[in-house]
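One letter stands for each residue in the lines below.
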Amino acid sequence: LLSEDECQLIIKTAEEHCNSSTGWTTTRHYAVPTTDIPIHEITKLHDLFTKKLWSSKIRPLLRQQLKLNGNRQILIHDAFVVRYDSSKQRYLP
């Protein structure tokens, strides 16, 4: 879905943001604890996600996979970058 370059850009941008600001969050989800950062908190990623990835890749793929016609809206409720450390979290419940 995403190219290696797009993935590396997302990782680099998220890490740079977290290193220079409040850092990664760890308390957003009680049932599924993750280390993450909401995309809307990182301007560069928010723009990349909404203008390129969501519009040209993710939404069209969802429409195709879910067999939705062009009149049905698909909305984003929550989008974030998750960072996993295999020594701390080996699975999600």
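Preceding block: the structure.
Note that this is a predicted model, so its numbers are computed, not measured.

Rules of the game
Residues numbered from 1 in each chain as written. Predicted model: local features only at pLDDT ≥ 70, side-chain atom pairs only at ≥ 80, totals over all residues. Heavy atoms only, no water. Phe/Tyr/Trp six-rings, centres within 6.5 Å; stacked < 30°, edge-to-face > 60°. Buried < 20%, exposed > 50% of the residue type's maximum accessible area, 1.4 Å probe, protein only. Axes fitted to C-alpha atoms, helices over the stretch in contact; angles between N-to-C directions. Helix = DSSP H or I, 4+ residues; strand = E, 2+ residues; numbered from the N terminus. Parallel < 35°, antiparallel > 145°, perpendicular 65-115°, else oblique. Left-handed = near helix turned anticlockwise from the far one by under 90°. Contact = heavy atoms within 4.5 Å. Nonpolar A, V, L, I, M, F, W, Y, C, P; charged D, E, K, R; others polar. Expected span 1.5 Å × (residues − 1). Arc of directions from axis to C-beta.

Draft legend 1. Just the packing of aromatic side chains, in detail. Here the structure, examined in full by the defined rule, presents 1 aromatic pair. Centroid distance F49 to W54: 6.4 Å. Interplanar angle 25°. Geometry classified as stacked. What makes F49 buried here is its relative accessible area of 13%. Overall, W54 belongs to the buried group, its relative accessible area being 10%.

Draft legend 2. A look at the packing of helix α1 (residues 4–20) against helix α2 (residues 43–66). Viewed as axis vectors pointing N to C, α1 and α2 meet at an angle of 155°, and their least axial separation amounts to 11 Å. The pairing of α1 with α2 is recorded here as roughly antiparallel in orientation. Pair α1 / α2 crosses with left-handed handedness. Between α1 and α2, the contacting residues are E6, L9, I10, T13 and A14 on the first element and K44, L45, L48, K52, L53 and K57 on the second. Each residue belonging to the contact of α1 with α2 can be placed in one class, and the counts come to 6 nonpolar, 1 polar and 4 charged.

Draft legend 3. Local environment of α1. If you check α1, its first and last C-alpha atoms are 24 Å apart, about what 17 residues at 1.5 Å a residue would give, namely 24 Å. All buried positions along α1 are accounted for by E6, I10, T13, A14 and C18. Seen end-on, α1 carries its buried residues on one side only, within an arc spanning 125°. Exposed side of α1, more than 90 degrees from the buried face: E4, D5, K12, N19 and S20 are the residues found there. The secondary structure elements touched by the buried residues of α1 are β1 (35–38), α2 and β2 (80–83).

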